[in-house]
Each structure stands twice: as C-alpha cells, then as structure tokens.
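Coordinates in review
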Amino acid sequence: MGLLSEGSPLSWEETKRRSEYVRKHGIIQFINLYHKLRDRQGDILKWGDEVEYMIVKFDDGNKTARLSLRAAEILEVFHNEHDSLPEKDEARCLWHPEYAAYMLEATPGHPYGGLLAHFNVVEANMRYRREQAAKLMHPGERLMTLTSFPRIGCPAFTEPVHPTKPTSGATRSLFFPDEAIFPGHPRFKTLTRNIRQRRGEKVAINLPIFKDVKTPSPFVEDYLLYGDDGEARRAALPDHVYLDAMGFGMGCCCLQLTFQACNINEARTLYDQLAPLCPILLALTAASPFHRGLITDVDCRWNVISGAVDCRTRQERGLLPLGPNERRIPKSRYDSISSYISPQGEKYNDVPLVLDEDAYKQLSEAGIDPLLARHIAHLFIRDTVSLFEERLNQDDSKDSDHFENIQSTNWQTMRFKPPPPNSSIGWRVEFRPCEVQITDFENAAVVCFVVLLTRVILSYQLDLIIPISKVDDNMQKAQKRNAIQSEKFWFRKDITTSISPPEATCHCPVFPVDASSKLPSNCDVYAQMTINEIINGKEGEFPGLIPLLTSYLSGMDVDADTHCTIQQYLKLIQRRASGELQTTAQWLRKYVTTHPDYRKDSVISEKINYDLLKTIDSIQNGIIPCPDLLGAPLISKTQDSVPQTISKAECSAE
Ligand code: ADP
Ligand code: MG
Ligand code: MG
Ligand code: MG
C-alpha cells in the first residue's frame, strides 16, 4: 500500500548539510530513469482519483463538532484488513496517510481505464469508501469531505483537545498543536520542523477577512492571549486572518487526479494543456472560505497551503539583501507551475525560471532537451526538507528516492510523474488544483469532467496554452470571493489547431479551423472570459468546453447507463458555471451568514459550526436535499440510495 517509507529522520542541520548530495543523486537517478524509459511506448490510458477526508466528531449534547485525531488508528485497521485479503488485488479502495492526524486519503483499488463505462463506477467507489470507513467510526464520528474545517486552529478544535506549545515542538503555532499532525509516520512532523527552520521563522499566512457590518474595523487580534512572543504581532496584517502553521494548509483536503499517457510526449502535452485549466477548475470547485473560525474574503485554500509550506528564507523572498550563493526565488514550493514542457508550450514560457545551474548542466550533458532539463532543474532549486538516515545510500541505477524526495515536495498545480523504476506504470501527469466537494456526486462529476477533457484535448488536438504569467494571474483571480461569477479569466480564444478535426468547432461556424498557423503575437491568442463562457461557450466567439465534450461524445458509442451518468455530471458543471447552482464556497457563506446565531461579525461560533457540519453530513448522505448545490432534488427511481442522483428515466427524458 501507499505507506511512506519508515525510518529515522535526520535533524535539520544534518539534512541541510546533505542537500547538495541529495540534489546530485536525485538528478543522476532522473537521468537514469529517463534513459531507460524515454522510449517506452504503448501504455494505455489509466487514471485514478485521490480524495482526502476529515474525521469529524459530533457531540450532540454540547453541540460541538471537532476534528477527531484517530486517523492513524483507523488506517492501521484498513491496512491490516488489506494485508489479510487472500488476493491483494481484490481491494476496492486503498487508504493512505495524510498530513493531519484527522485526515485520511483514499484512492480506487486499481486505476480506471480507457472505457467510458468506467465513469459508472467512480461515484460508487467513492461511496464504498465512506461505507468502509463508517464501520470504523466511533459514535458521533463521521468521515467528511471538507476542504477546510471552519474552526481549524480555534481553541479546542480537536478531539481530544491539546494545548498548543508556541515555544517547543515542530510547529510552534499559537493555534495548531503538534498532536494534530499525523503521528503514524515521522515524515510529517519532520517536514513541519524543517520548513520552519529553513525559512528561519514560522510560516505566516494572511488572508483578507470578510468584513461584515459588525466586524471590528480595523480587525486586529491580540495574540498575547495565545502566548505570542511578538512574532505573530509582527507577522499579522490588520484586516486579515493570520495563520502560522503548516497544518492550516496541509490540513486542508483536496481532490486530485492522475493520468497515464501512452508515452513521454503525450504526458508532456497533457501536462501543458491541463495547466491553464488549473485555475478554472479551482474556481469551479472553490470550497474553503473559512479558517480559524472566521469568514475570509477568499474562496479557495491554494494560497493558504502555498504559504503554509513556504520554506524560502527572507533573502529568497526578497525581503533582505542577498548574501553569497543566495538567490531570489519568486514562488513557494507549493504553487502554480512555472514552465511548460511540450513544444507547443515553449513560446509561452514567459516567467523567469530559476534553475539549479549544476543540475541543468548535468541534465543537458546527459542529452535531455532544454525544456525538460529546465523543468527538472527548476524543481531542484529546492532543498530536501525531509531526509531519512536509512535512505541516504542508494543505488542510483535502480532507486529513485532522492529524485522523488525533491519531486514530491514540489507541490505544484500539475506534476509530471516519471515511471517508477522496474514497474509496469508508464509516464503520468497529476492534476492537483481541485478542492474537494461535499458529496460523492460532485466529486465524481469533477473527476469525470477532467478525465473527459483530457480525451477531447488529445483527440481533437486542442491547444489551450496561454502564457504562464496569465495562468499565474488566473490562479490569484480564482481564489477571490465569488470568482466564478465576478472574475474574468485569461483563456485562449481559439483552442483548435490546424490538425483539429472539424467537430472541434462544433456549433460555432465562425470559429476558424486553421488557427495555429497564424499566431501574430501572444496577445492575440488569449482574451478575458467568464467561467460561464469558458465552460458553456459564447455564441460566435468561443465553443465552450462542455459543447466540445458533447460533440466528442456524440461520435462515440456510449451505452445508455454511461450516457446518463456522464450527462448528470456535465449538467452539474454546466449549471455551476452558469451560476444556476452555487459553488461549495458560495453555499457555505450563505449558510453561515443566514444562521440565526450569526452576529454579522465574521465569526463562526461552535454552534454555527456544529449546525453547518451536521447539515453537510445530511446532504452528503442524501438525507436532506440541497437544490442550491446539487439542483432539483430528483428522487431516484432506481435502487440508488442517494436521492440527488437523477434516475435513468429522467435522464433519457432530457
Ligand atoms: P500520490 O499521492 O503520489 O499523488 P497516490 O498513490 O495517492 O499518489 O494516487 C495516485 C493515483 O493514481 C490513484 O488514483 C491511482 O489509482 C492512480 N494510478 C495508479 N496507477 C496508475 C497508472 N498506471 N496510471 C494512472 N494512474 C494510476
Ligand atoms: Mg496520494
Ligand atoms: Mg493527498
Ligand atoms: Mg496526489
């Protein structure tokens, strides 16, 4: 199973001393992998989702909802059950540890394949995971897919309650105790400590607060009450929600997808083509407006998590003059990608890319082309922040741990994954921006939408690439409150290429087919569009991603069940993009601000939190309908136990 390699973590000083060693061997390992696997051909589409969960403990007597720190205990049972399976291949899902002691991650037991019919099992598999987990929950405990826990970092947000220790331990947070970090593996605490130590101070995240009529203005908190020694007072901005721990970001849940490509070139194409979609999918899945019991003015977790693992020193962040052998680094190691790696993307690489020059030289001399060499040399500007004594000495011709060490702590919107050594797995890309949704139905819809997009991009040879700087802009826009309705995003005006088939121009006769040959300058290539225009199209100007998918699907042989499933999912995305349905973030805001206890002061009390999470749990279970989020409560006429699922009869009637 996906357990992390066990071992004894080195201290930060020892880790730092070996950072060049890890870099050098990591690069050699990548070069060896590359030479062995660059010509690997003929892998088929395989893909799988990763869903992250929180364990919430309800106390119905006291009307509280807290985060239960039992993930390690539960994971052990799952792993024992898995180990006792007569055939390991029988597992329908796999459970993995995550950063927080209240988090679990689950993936399907096996990746899905290239059949459209696989879309019929995605949601059922997600439901199965909840059923499996439900058996292990204590009374009052529930597995929930919340991107951010509204009262994370408030006093007593965990079960059991642990005091924070601002002067000792890994985090030193005023709000987030070390006990809330997953205890089953030393990696997570080590990462926390090393990131803080490398940075030279605690991480500091400032999210603009949502100013309601009774929110103090300016909004300034007294951190002395939490044991601040002055660091928080200096780091916190007025009118912002201040967060000071890795757990505020890594303790959020998300939804990720991995795709296997048929060869390295297809993987490079997919990596690039999906990158501009990251901010769009982030805005569509926005689900995290609340942190530390306060309503913020942002809808997504991305900047929180980016700041939560930002290990750059003050010099690297540009706050102090550079010393010898130091350099400015524009982004956190958790951020949007900084370069494209396919030939189509090359001319849109318009942000300066900081490289590890030695790594670049090593890669180039090994015959790796500049685009890929730059990508890897950029990842390798980072120091290792977690090193285990037992894993230091490796056989670079067989192992890839040092490469993976740096690769897996570059947490970017997209990840280009080489095949692991000696495995049947091919070149893959991972799509990482999405926030997790409340229901399995929504999560399955997002998953199927993105998987279908990859198919249509490859089949129609679409080109969605815009300059990286514009993708960066879009990432910031996507997180703003209500971005889905109020923001316009940079998007490529003409996404067909000279080799796209005519169907790619569906319902849009004025759309020129031969576009790629006439690119006069970058600025003619993209325009500002709303999410609705990008997803649903704009008459005469842009075909829309859903109409393209529909056109693609109309040329395929799809059985009635699968057709119906796909239609429901696409409908959800369509309606959300058009504003007919709310995003999770919009819905959450409305729930809290219309709660009878809400005092218009941006505060989410224990009681509001309890009621909100109880409601979410009932929606997730299909006990209460939620038309604002999921559409009309269509009661299924089939055996399906989840009422929001449209029945087959209703589907075909549409
Ligand atoms: P990570 O945490 O490193 O991103 P996980 O193992 O948690 O990786 O998840 C990887 C995802 O990739 C899972 O959904 C899994 O089903 C899927 N997967 C496994 N093998 C393949 C493959 N050969 N091609 C594509 N996806 C795969
Ligand atoms: Mg995973
Ligand atoms: Mg994860
Ligand atoms: Mg992942």
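Residue numbers restart at each chain and count upward from 1, following the sequence in its written direction. All chains are assigned letters beginning at A, and all ligands numbers beginning at 1, according to the order in which they are written. Predicted model: local features are reported for residues with pLDDT of at least 70 only, side-chain atom pairs are reported and counted for 80 or more only, and whole-chain, interface and lining totals are derived from all residues. Hydrogens and water molecules were not included; the side-chain quantities draw on all heavy atoms of the structure.

With that settled, consider the nonpolar core. Within soluble globular proteins, side chains that are nonpolar tend to cluster in buried spots. The term nonpolar core refers to a set of buried residues drawn from Ala, Val, Leu, Ile, Met, Phe, Trp, Tyr and Cys, joined through side-chain atoms within 4.5 Å. A 1.4 Å probe rolled over the protein chains alone gives each residue an accessible area, and that area as a share of the maximum for its type sets the label: buried under 20%, exposed over 50%, partly exposed in between. Membership of the largest hydrophobic core comes to 198 residues, with the highest contact counts inside it found for Phe259, Phe431 and Phe449. The element contributing the most residues to this core is helix α14 (residues 440-459), with 13 residues. Whether two residues are in contact is decided by their heavy atoms: any pair within 4.5 Å suffices. In this view, phenylalanine 259 contacts Leu45, Lys46, Trp47, Leu270, Leu274, Trp427, Arg428, Val429, Phe431, Val450, Val451 and Thr454; residues no more than four positions away in its chain are not counted. Secondary structure follows DSSP: runs of H or I at least 4 residues long count as helices, runs of E at least 2 residues long count as strands, and numbering of each begins at the N terminus.

Let us look at the site of ligand 1. By convention in these notes, a residue is near a molecule or strand provided one of its non-hydrogen atoms lies within 4 Å of it. In the vicinity of ligand 1, 16 residues are found, and the nearest of them are Asp49, Glu50, Glu105, Gln260 and Glu430. Here an oxygen atom of ligand 1 and a backbone polar atom of aspartate 49 are 2.8 Å apart. Residues adjacent in sequence count toward polar contacts only when both atoms are side-chain atoms; beyond that, a polar contact is any pair of N or O atoms within 3.5 Å, and within protein one must be able to donate a hydrogen and the other to accept it. Within the side chain of glutamine 260, a nitrogen or oxygen atom sits 2.8 Å from a nitrogen atom of ligand 1. Residue burial considers only the protein chains on display, and all accessible areas are found by Shrake-Rupley using a 1.4 Å probe. Here ligand 1 loses 76% of its free accessible area of 570 Å² to cover by the protein chains. At the level of elements, β1 (47-59), β4 (103-108), β9 (255-260) and β15 (428-431) are the ones that each hand at least two residues to the shell around ligand 1. Element by element, the count of residues in the shell around ligand 1 is highest for β1, at four residues. Partitioned by chemical class, the residues of the shell around ligand 1 number five nonpolar, four polar and seven charged. Residues are grouped as follows: Ala, Val, Leu, Ile, Met, Phe, Trp, Tyr, Cys and Pro are nonpolar; Asp, Glu, Lys and Arg are charged; every other residue, Gly included, is polar.

We now examine the coordination of the magnesium ion (ligand 2). Metal sites are built from N, O and S donor atoms within 2.8 Å, or 3.2 Å for Na, K and Ca, and they leave out water, so they may look incomplete. Distances from the magnesium ion (ligand 2) to its protein donors, namely Glu50 (OE) and Glu105 (OE), fall within the range 2.1 to 2.2 Å. In this structure, the magnesium ion (ligand 2) is positioned 4.1 Å from the magnesium ion (ligand 3), and both are ligated by glutamate 105. With a gap of 55 residues between them, glutamate 50 in strand β1 and glutamate 105 in strand β4 connect regions that are remote in the sequence.

Angles shown run from 0 to 180 degrees and are taken between the N-to-C directions of axes, each axis being a line fitted to C-alpha atoms and, for helices, limited to the stretch in contact. Across the interface, helix α2 (residues 19-37) lies against helix α11 (residues 357-365) with an axial gap of 10 Å and an inter-helix angle of 25 degrees. One finds that α2 runs roughly parallel with respect to α11. Note that α2 runs across α11; the crossing there is right-handed. Along the contact surface, α2 presents Lys24, Ile27, Ile28, Phe30 and Ile31, while α11 presents Ala359, Gln362 and Leu363. Residue classes in the contact of α2 with α11 are distributed as six nonpolar, one polar and one charged. These descriptions rest on fixed angle ranges, namely under 35 degrees for roughly parallel, over 145 for roughly antiparallel, 65 to 115 for roughly perpendicular, and the rest for oblique. Note on convention: the crossing is left-handed when the near helix lies turned anticlockwise from the far helix by less than a right angle, right-handed when the turn is clockwise.

Further remarks concern the environment of arginine 234. As for its position among the elements, arginine 234 is in helix α6 (residues 231-235). Exposure remark for arginine 234: the relative accessible area of 62% places this residue in the exposed category. The spatial distance from the C-alpha of arginine 234 to the C-alpha of serine 84 is 53 Å, given a sequence separation of 150 residues.

Glancing now at the side chain of asparagine 194. By the secondary structure assignment, asparagine 194 is in helix α5 (residues 186-199). Of note is the side chain of asparagine 194, whose polar atom sits 2.9 Å from the backbone oxygen of valine 385.

Turning our eyes to something else, we now look at the coordination of the magnesium ion (ligand 3). Ideal geometry at a metal centre gives angles of 109.5 degrees when four donors are arranged tetrahedrally and 90 or 180 degrees when six donors are arranged octahedrally. Around the magnesium ion (ligand 3), the protein contributes the donor atoms Glu52 (OE), Glu98 (OE) and Glu105 (OE), which lie 2.0 to 2.1 Å from the metal centre. Ordering the donors of the magnesium ion (ligand 3) by residue number gives the pattern E-x45-E-x6-E.

We now examine the state of the cysteines. A covalent bond between the sulfur atoms of two cysteines is referred to as a disulfide. We call a pair of cysteine sulfur atoms a disulfide when they lie within 2.5 Å. Tallied over the full model, the rule gives zero disulfides. For cysteine 300, which is in no disulfide, the shortest distance to another cysteine sulfur is to cysteine 434 and amounts to 10 Å. Looking at cysteine 300, the relative accessible area reads 1%, which means it is buried. Of all cysteine sulfurs, the one in cysteine 252 lies closest to cysteine 311, which takes part in no disulfide; the gap is 19 Å.

This paragraph deals with the pattern of salt bridges. Criterion for a salt bridge: a side-chain nitrogen of Lys or Arg within 4 Å of a carboxyl oxygen of Asp or Glu. Under the criterion given, the structure shown has 42 salt bridges. With a closest N to O distance of 2.8 Å, arginine 317 and glutamate 201 form a salt bridge. With arginine 317 in the loop between α10 (302-308) and β12 (334-335) and glutamate 201 in the loop between α5 and β7 (205-208), the pair connects residues that are 116 residues apart, well separated along the chain. Each member of the pair arginine 317 and glutamate 201 is classed as buried. With a closest N to O distance of 3.7 Å, glutamate 365 and lysine 361 form a salt bridge. Taken together, the residues span about one helical turn, with glutamate 365 and lysine 361 both in helix α11 at a distance of four residues. On the accessibility criterion, glutamate 365 (62% relative accessible area) is exposed. Linked by salt bridges that have partners in common, Glu20, Arg23, Arg198, Glu316, Asp356 and Asp383 make up one network.

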